[in-house]
Amino acid sequence: MKKNSDKFIIIGFFSILFGIFILYPLNFFLLHKGILINNFTNSYNLKNENSIDAKIYNLKNKVETLTTNYFPLANQINIYYRGLKNNTNQFLYDVTGHDFTYLGTNSDKEYIYQNIDSNYYIVQNNLSKQVLEKRFNELLNLYNKIGLLKDTTIFLPNRYEFQNLLDRNMAVLNMSSFLDEFKTKLNPKIKLFELNVNENEYQDLFYHTDHHWNAYGAKMGYEIIMPLLNKTPLNLEVKTIEDIEYHGSIAKSSGNIKNHDYLTYLDNASLLKPSELVASKLDSHFKPLTVTKRKEIFYDYYVSFFDGMYPYVYYNNPKGEENLLIIGDSYSWQLDYIFANSFKKTITLNPRYIDAIDYEKFLEEEQIDKVLILMETQTTLFDQYNYGILEKLGGK
């Protein structure tokens, strides 16, 4: 009996050694040197919220959130485990001349990389090139049709991975090539602008631990978009909440708490607040623009502060002129009510949460004058997070 027990211990010991010293380095050099590339796909689609897949996905997220925020020692265990793994990765990447270290995947199965020297994160698309091309062409066709009906502006707040600044050793698709094709094939009537900056500017305009732009990035976007809408931008000031350390969604996925951000927002004395503009009270939590410090390390202060998780938001401003439709995701939460200060009626439509509509009828019935598409670049180009944009807007 003792011999069998010793045998299993020895096998287990050598299995661990094999995984650490052979499989792990082999995976590193094959996957991250470009010899082997993973193309995972996320089949979940929020457009069918009653499906079994959707219910399992929502349950998984709920359990993950409850575990992360409330289970004793969950954060500490995750941080310790991921820290050990991240430090190993960082050593391997550093000695092989890489600028970025690979930290695993987030809840959307995107690849997370951390800049070794400057300590900020980027995320990389997980979809195959074939899937990206199919979605790209379908959405491009939809936008071109909308552009034929209304004065349309598309703003792409390009994150690092779309700005052709990536480490040449990273085995990922060149996303900037899709942007070049988008500009070439987009209806010339549509006004298009990209937020492209150098690396130092990039670090000033986006949160380091989260995938959103901060208030400095949102302000730059706002000041670019307003003239495209034939409006004069308001003079806005960036405010910082300095007593709360914000560890964003990428930090949560990587388990890294060494870096943090401070939540920022835009304001001025004459700016009408959401509560003064919204046509009907959605609920008591709608865009509070206030936040209370929480004990949970990875509490999502961005969502709590801007809270825009609604299918439609209607803003009314009696002093404004023209009606604006914003097709936007969480990138628009910082700005939709600010745009509403310059229009008579502003509707924010979030593709993640809406039911299917006919965009032609919607534009006509709501008497929309101008359309602004303001989402993450990968959402605009590929519907990367499977919101069902094409189906929900009546594009098929």
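For the structure itself, consult the block above.
For clarity, every value in this text was computed on a predicted model and none was experimentally measured.

Trainee: Account for the overall build of the chain, naming residues and giving values.
Mentor: Looking only at helices and strands, the chain has 14 helices and eleven strands in total. Every one of the 396 residues in the chain was classed for burial, and the buried ones make up 51%. Long-range contacts, defined here as pairs at least 24 residues apart, represent 71% of the contacts in the chain between residues at least 6 apart.

Trainee: Can you lay out the pairing of strand β8 (residues 312-316) for me, pointing to particular residues and giving the numbers?
Mentor: Residues Val 313 and Tyr 315 point to one face of β8 and are all buried, whereas Tyr 312, Tyr 314 and Asn 316, pointing to the other face, are not buried. Pairing between β8 and strand β10 (residues 345-349): five bridges, direction antiparallel. Across the sheet, residue Tyr 312 finds its bridge partner in β10, namely Leu 349.

Trainee: Give me the pattern of salt bridges: which residues, what numbers.
Mentor: Applying the stated criterion to the full structure yields eleven salt bridges. Two residues, Lys 287 and Asp 336, come together in a salt bridge whose shortest N-O distance is 3.3 Å. Of this pair, Lys 287 sits in the loop between α9 (274-277) and α10 (301-306) while Asp 336 is found in helix α11 (residues 336-339), placing the two residues 49 residues apart along the sequence. The class for Lys 287 is buried, based on a relative accessible area of 4%. Residue classification places Asp 336 among the buried positions, given a relative accessible area of 2%. For Lys 345, the salt bridge identified is with Glu 366, shortest N-O distance 2.9 Å. One end of the pair, Lys 345, is in strand β10; the other, Glu 366, is in the loop between α12 (359-365) and β11 (370-374), with 21 residues separating them in the sequence. Summarising the burial analysis for this pair, Lys 345 and Glu 366 share the class buried.

Trainee: Run through the nonpolar core, naming residues and quoting values.
Mentor: Grouped together as the largest cluster of nonpolar side chains are 53 residues, with contacts concentrated most on Trp 213, Leu 335 and Phe 339. With five residues, helix α7 (residues 215-228) is the largest single contributor of residues to this core. Leu 140, Phe 178, Leu 179 and Tyr 359 belong to the second largest nonpolar core, which has 37 residues in total.

Reading the values: the criteria
- Residues numbered from 1 in each chain as written.
- Predicted model: local features only at pLDDT ≥ 70, side-chain atom pairs only at ≥ 80, totals over all residues.
- Heavy atoms only, no water.
- Helix = DSSP H or I, 4+ residues; strand = E, 2+ residues; numbered from the N terminus.
- Buried < 20%, exposed > 50% of the residue type's maximum accessible area, 1.4 Å probe, protein only.
- Contact = heavy atoms within 4.5 Å.
- Pairing = 2+ DSSP bridges.
- Salt bridge = Lys/Arg side-chain N within 4 Å of Asp/Glu carboxyl O.
- Core = buried A, V, L, I, M, F, W, Y, C linked by side-chain atoms within 4.5 Å.

These values are about where atoms sit, not about what they do.
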